[in-house]
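A structural walkthrough
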2 protein chains.
Amino acid sequence: MATSAVRGSILSFTKDPFFNAPEDSHTFIEDGLIITQDGHIKSVGPYTPQAAEGLTVDHYKDAIICPGFIDSHIHYPQSQMIGAYGEQLLEWLNTYTFVAEQDFASRKHAGKVAKIFLQELLRCGTTTAAVYCTVHVESVEAFFEHSSALNTRMIAGKVLMDRNAPAPLLDTAERGYEESRALIEQWHGRGRQLYAVTPRFAPTSTPEQLDAAARLWHEHPGTYLQTHLSENLGELAWVKELFPDCDRYLDVYKKFNLVGPRSIYGHCIHIDEPDFADFNRLNATMGHCPTSNFFLGSGCFKLFEAKKAARPVKVALGTDVGGGTSFSILETLNEAYKAAQMNQTRLNAFQGFYLATRGGAEALDLGDKIGSIEPGYEADFIVLDLKATPMMEFRMDYAKTLAEKLFVFMTIGDDRSVRATYVAGRKMEF
Amino acid sequence: MATSAVRGSILSFTKDPFFNAPEDSHTFIEDGLIITQDGHIKSVGPYTPQAAEGLTVDHYKDAIICPGFIDSHIHYPQSQMIGAYGEQLLEWLNTYTFVAEQDFASRKHAGKVAKIFLQELLRCGTTTAAVYCTVHVESVEAFFEHSSALNTRMIAGKVLMDRNAPAPLLDTAERGYEESRALIEQWHGRGRQLYAVTPRFAPTSTPEQLDAAARLWHEHPGTYLQTHLSENLGELAWVKELFPDCDRYLDVYKKFNLVGPRSIYGHCIHIDEPDFADFNRLNATMGHCPTSNFFLGSGCFKLFEAKKAARPVKVALGTDVGGGTSFSILETLNEAYKAAQMNQTRLNAFQGFYLATRGGAEALDLGDKIGSIEPGYEADFIVLDLKATPMMEFRMDYAKTLAEKLFVFMTIGDDRSVRATYVAGRKMEF
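Residues numbered from 1 in each chain as written. Chains lettered and ligands numbered in written order. Predicted model: local features only at pLDDT ≥ 70, side-chain atom pairs only at ≥ 80, totals over all residues.

**Quick notes on the overall build of chain A**
We count it as follows: Put simply, DSSP H or I for four residues or longer makes a helix, DSSP E for two residues or longer makes a strand, and each gets a number counted from the N terminus. In this scheme every C-beta is placed from the backbone, and a residue whose C-beta has 20 or more other C-beta atoms within 10 Å is buried, one with 12 or fewer is exposed, and one in between is partly exposed. Here the contact rule is simple: place C-beta atoms from the backbone, and any two residues whose C-beta atoms are within 7 Å are in contact.
Across its full length, chain A carries 16 helices and 16 strands. Considered along the principal axes of its C-alpha atoms, chain A spans approximately 65 × 45 × 40 Å. Burial statistics for chain A: of 430 residues in total, 60% are counted as buried. For chain A, the proportion of contacts with a sequence separation of at least 24, taken over those separated by at least 6, is 75%.

Shown next, in the form of structure tokens:
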């Protein structure tokens, strides 16, 4: 039984602060102690010498411990092209993405990038992510192998594309089905790994492949479905051309039975009340990727329309690297705040940290396993450093309340803010 | 005669890449040598052992040397409140800014913050900035003293406000005039220090004070005028109420003779062709502050309308700390790119780096002194590190051209990208 103990200020959420007062939605223990055992949290409470007796304690001063961050939308093969110049979505895919992804036919390249990618996530405090691989089986195997070795809880899947992409990146409805099925059998539920059926988006899959994707997903309960929705106006027009019988973009995915619990839709920019209502009714999740939405000029996600109390939609944050410009969920919160401001709404720090932790976990149907620091939960948590940089240290001196401190992390924090990352109770090296 | 030598890849601009092809607008020496003498650049050219003979050479590998960055709009007293939650412009001023600024009646506090502020600018590679102090003479003295000690070329001035702010932050038209005049006499042109007459914005100055500001500026040729214009719709409505005889916001400043060469207008979001035409005709400068404009939900600056070849407007970048969220001009370029994308335009890396260096210098009427690495120029330059972070090193491996490398700096660079900052030929400590 591997037991360890971590001491410091501990933040965790109990309710959704979009619908509850901040003070009712979180717990904060000024001087707390987390005891973990076999990868899970055994106890959490105020620190006392008695509680820590006999244990080696990692004591973090000038820090806030919170659950590991959750990223609902990221492309690991795009790490090498983060920050690629000049295009909006469709040209950007052709000019950069579909070039970079061809490298992942090589298992060696995939392994190299998977390792660097996971390391970068941990440096940024992200302990769970929903990850797009490429069309190559090799890319998925390499990813899950590295994630298994780290024991991180990751969701990932092979991209399905059988049209409108370069030949080396295409499979067929049948091959995509068979390869995905084999990967699901090999990886889904093995240790902490989870599989996501991953049709890239409607324009790159034929109706046959969307149909095969739905079968894959429904034949394997517990797996995820991840894809893109309504990111860019050019994309919308193209979808309309390809699926003329569907009024709205979402209708395509609905028609193929791809919308439901554990389906994660990245972006959701150009949508409106009927779509929000469908997401609510069908219990699907939106991945909010603000750094990408600004970078590709897509628009500002209507977060506060999604989080309407009368028909709430599940929302998680996504970095969307390489369309996004940072692996850091803190930097993503900076731009989530800005996107909200551009919509004349305000994302407060409790709401932001909730989205990054428990809210993300619930949106990924993992709210009973990760995203909270509570007994029984998997022991994924991070240590945020109040003095990470000279400016952070200076600024924090003027932040009096917890809300202010968290907001400073949201605004000027980055990977350096993360002093330590624990995965299943183990402190990671980075 | 203090002589020093720096070796590495050297980038400098010769023309404006908004109006000229990239390859015609910059010089790039793969292995170059800069020799400085008495604070100025004595020579620049390809490195040869002969050229470096007898000199101690700082040799920077895996790096690009470029002119120091130029920030046209920043509030040093707001350093302590960077990232303050939740408001748009007018409430934000009342809730945070006007509270923080009252601390600067204390010379000791002003000195402490000026020191940290200048240190942070240098860490971020900014060697020249146009800086707002507070209404207090002490805040200006503290700032110029620290800047003088560092020998940085800075533009700064006492804020003028005689209405619509808390009493401790108000002066009068006459007192503001007298105090500013004394500060100009003491500091303008002393070493590298330059003075900017600084009415905060139209709503916080009476017509009498705007009139006094114009007199100050015109009576002291070579000084600057800095203020804010059209940042926020609430501000626009308020200006209309306060100056009912002025059709457009800019008309207020025009009426008081405050628009001309060496006037710097921060933000300029909600403006249109007549304003652009006035800026062009009157040779005034716009300060483009994208991180602030997103953070306060103000909007996206129309950069490519400003930079229209037929009637070009001078534009410089500004961080606008503390409405802005970063001291880093690289992070500011990240969001300048995003603001351009949101306007369906594309800011390329050469344009970005031009704005950050020579373009900024020209917009501040300092194009013959700073912003370029050329013989005779003041020796302010920085060393950008191609391997500053694990992700930067990985990403740069996939950036083949100079344009790509610069764009990666624009997108994922930050203070860590700056390996060294030279001010007047001297390598700064930070």
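Once you've had a look at it, read on.
**Describing the relation of the copies chain B and chain A**
The following threshold applies: Least-squares superposition aligns the copies on the C-alpha atoms of those residues with pLDDT at or above 70 in both.
It takes a turn of 180° to lay chain B on chain A, together with a shift of 0.0 Å along the axis; the resulting RMSD is 0.0 Å. Such a combination of rotation and displacement between the chain copies is what one expects of a two-fold axis. A symmetric contact is evident, with 100% of the interface residues of chain B recurring at the interface of chain A.

**Notes on the confidence of the model for chain A**
Here is the rule we go by: Each residue carries a pLDDT score, the predictor's own confidence in it, on a scale running from 0 to 100.
When pLDDT is averaged along chain A, the result is 97, and 100% of the positions lie at 70 or above. On the interface metric, ipTM, the complex scores 0.97, and its pTM is 0.98.

**Quick look at the interface of chain B and chain A**
How big an interface is tends to be reported as the loss of accessible area on association of its parts. Applied cut-off: Each residue is assigned to one class: nonpolar for Ala, Val, Leu, Ile, Met, Phe, Trp, Tyr, Cys and Pro, charged for Asp, Glu, Lys and Arg, and polar for all the others, Gly among them.
Counting residues at the interface gives 32 residues for chain B and 32 residues for chain A. Contributions of two or more residues to the side of chain B that touches chain A are made by helix H3 (107-123), helix H10 (290-295), helix H12 (329-342), helix H15 (390-396) and helix H16 (402-412) of chain B. Each residue belonging to the side of chain B that touches chain A can be placed in one class, and the counts come to 17 nonpolar, 10 polar and 5 charged.

**Looking at the environment of tyrosine 132 of chain A**
Residue and element names in this part refer to chain A. As for its position among the elements, tyrosine 132 is in strand E6 (residues 126-132). For tyrosine 132, a count of 27 C-beta atoms within 10 Å translates into the label buried. The spatial distance from the C-alpha of tyrosine 132 to the C-alpha of aspartate 320 is 9.6 Å, given a sequence separation of 188 residues. Residue contacts for tyrosine 132: discarding those within four places in its chain leaves His75, Val159, Thr198 and Gln226.

**Here's the deal with the environment of aspartate 171 of chain A**
You can see aspartate 171 of chain A is positioned in the loop between strand E8 (159-160) and helix H5 (173-187). The contact partners of aspartate 171 of chain A, leaving out residues within four places of it in the chain, are Val135, Leu160, Met161, Asp162, Gly176 and Glu179 of chain A.

**Looking at the environment of arginine 426 of chain B**
Residue and element names in this part refer to chain B. Tracing the backbone through its elements, the reader meets arginine 426 in strand E16 (residues 426-427). By C-beta crowding, arginine 426 is classed as partly exposed, having 16 other C-beta atoms within 10 Å. Separated by 47 residues in sequence, arginine 426 and alanine 379 have C-alpha atoms that sit 8.1 Å apart.

**Things to note about the nonpolar core**
What counts, and what does not: Nonpolar core, as used here: buried Ala, Val, Leu, Ile, Met, Phe, Trp, Tyr and Cys residues forming one set through C-beta atoms within 7 Å.
Grouped together as the largest cluster of nonpolar side chains are 292 residues, with contacts concentrated most on Ile34 and Val131 of chain A together with Ile34 and Val131 of chain B. Those residues within four positions of valine 131 of chain A in sequence are excluded, and the remaining contacts are Ile74, Tyr76, Phe143, Met154, Ile155 and Ala156 of chain A.

**Remarks on the sheet that holds strand E15 (residues 418-423) of chain B**
All names here are of chain B. Threshold: Two strands pair if DSSP finds at least two bridges between them.
With respect to topology, 7 strands assemble into an open sheet ordered E3-E2-E1-E4-E14-E15-E16, the strand pairing being mixed. A strand with exactly one partner marks an edge of an open sheet, and here the two such strands are strand E3 (40-46) and E16. Sheet topology places strand E1 (residues 3-13) next to strand E4 (residues 57-67); 5 bridges connect them, and they run parallel. Across the sheet, residue valine 6 finds its bridge partner in E4, namely aspartate 58.

**Topic: the sheet that holds strand E2 (residues 26-37) of chain A**
Across a sheet, paired strands are connected by hydrogen bonds in the backbone, their directions being either parallel or antiparallel. Taken together, 7 strands build an open sheet; the order of strands is E3-E2-E1-E4-E14-E15-E16 (chain A) and the sheet is mixed. Each edge of the open sheet is held by one strand with a lone partner, namely strand E3 (40-46) and strand E16 (426-427) of chain A.

**What about helix H6 (residues 207-219) of chain B?**
Residues and elements named next belong to chain B. Rules: A helix's residues, less one, multiplied by 1.5 Å, set its expected span.
An ideal rise of 1.5 Å per residue puts 18 Å on 13 residues; H6 measures up with 18 Å between its terminal C-alpha atoms. Within H6 the residues assigned to the buried category are Gln209, Leu210, Ala212, Ala213, Ala214, Leu216 and Trp217. Buried-residue contacts for H6 involve strand E8 (159-160), helix H5 (173-187), strand E9 (194-199) and strand E10 (224-229).

**Observations concerning the pairing of E4 of chain B**
When a strand is regular, its side chains alternate between the sheet's two faces. The pairing of E4 of chain B with strand E14 (residues 381-385) of chain B spans 5 bridges and is antiparallel. Directly across from cysteine 66 of chain B, in E14 of chain B, lies its bridge partner isoleucine 382 of chain B.

**What about the domain arrangement of chain A?**
Residues and elements named next belong to chain A. Rule in force here: What marks off one domain from the next here is an automatic or database domain assignment.
Each domain of chain A was delimited in the assignment, giving domain 1 (3-68 + 372-427) and domain 2 (69-327). Contacts between the two partners involve 11 residues from domain 1 and, on the opposite side, 14 residues from domain 2. When residues of the side of domain 1 that touches domain 2 are assigned to their parent elements, the largest contribution, 3 residues, is made by strand E15 (residues 418-423).

**With respect to the packing of helix H13 (residues 349-356) of chain B against H16 of chain B**
All names here are of chain B. What counts is decided by this rule: Interaxial angle, 0 to 180 degrees, is taken between N-to-C directions of lines fitted to C-alpha atoms, where a helix line uses only the stretch in contact. Under this scheme an angle from 65 to 115 degrees is roughly perpendicular, one under 35 degrees roughly parallel, and one over 145 degrees roughly antiparallel; angles in between are oblique. Crossing handedness: left-handed means the near helix sits turned counterclockwise from the far one by under a right angle, and right-handed means the same turn made clockwise.
Two numbers describe how H13 lies on H16: the axes approach to 8 Å, and their chain directions differ by 60°. With respect to their mutual orientation, H13 and H16 come out oblique. Crossing geometry of H13 relative to H16 is assigned as left-handed. Of H16, the residues touching H13 (which contributes Ala349, Phe350, Gly352 and Phe353) are Ala403, Leu406, Phe407 and Met410.

**Focus: unusual backbone geometry**
Cis geometry is adopted by the peptide bond preceding glycine 322 of chain A, which originates at valine 321 of chain A and carries an omega value of -5°. Along the chain, the position of glycine 322 of chain A falls in the loop between strand E13 (314-317) and helix H12 (329-342). With phi around 50°, aspartate 62 of chain A is a residue other than glycine that occupies positive phi space. Locating aspartate 62 of chain A in the fold gives a position in strand E4 (residues 57-67). You can call aspartate 62 of chain A partly exposed: it has 14 C-beta atoms within 10 Å. Here the phi dihedral of aspartate 320 of chain B falls at roughly 50°; this positive angle occurs in a residue that is not glycine. Take aspartate 320 of chain B: there are 32 C-beta atoms within 10 Å of it, and that puts it in the buried class.

**Describing the pairing of E9 of chain B**
Residues and elements named next belong to chain B. What counts here: The handedness of a crossover follows from its direction of travel: if, with the strands pointing away from the viewer, the path from the first strand over the helix to the second runs clockwise, the crossover is right-handed.
Buried residues dominate E9, accounting for 6 of its 6 residues. Across the two faces of E9 the burial is the same, with Leu194, Ala196 and Thr198 and Tyr195, Val197 and Pro199 all buried. As paired elements, strand E7 (residues 155-157) and E9 share 2 bridges and run parallel to each other. From the neighbouring strand, isoleucine 155 faces E9, where its bridge partner is leucine 194. Between the parallel elements E8 and E9, the chain passes through H5 in a crossover that is right-handed. In this fold, E9 hands off to H6, which returns the chain to E10; that crossover is right-handed.

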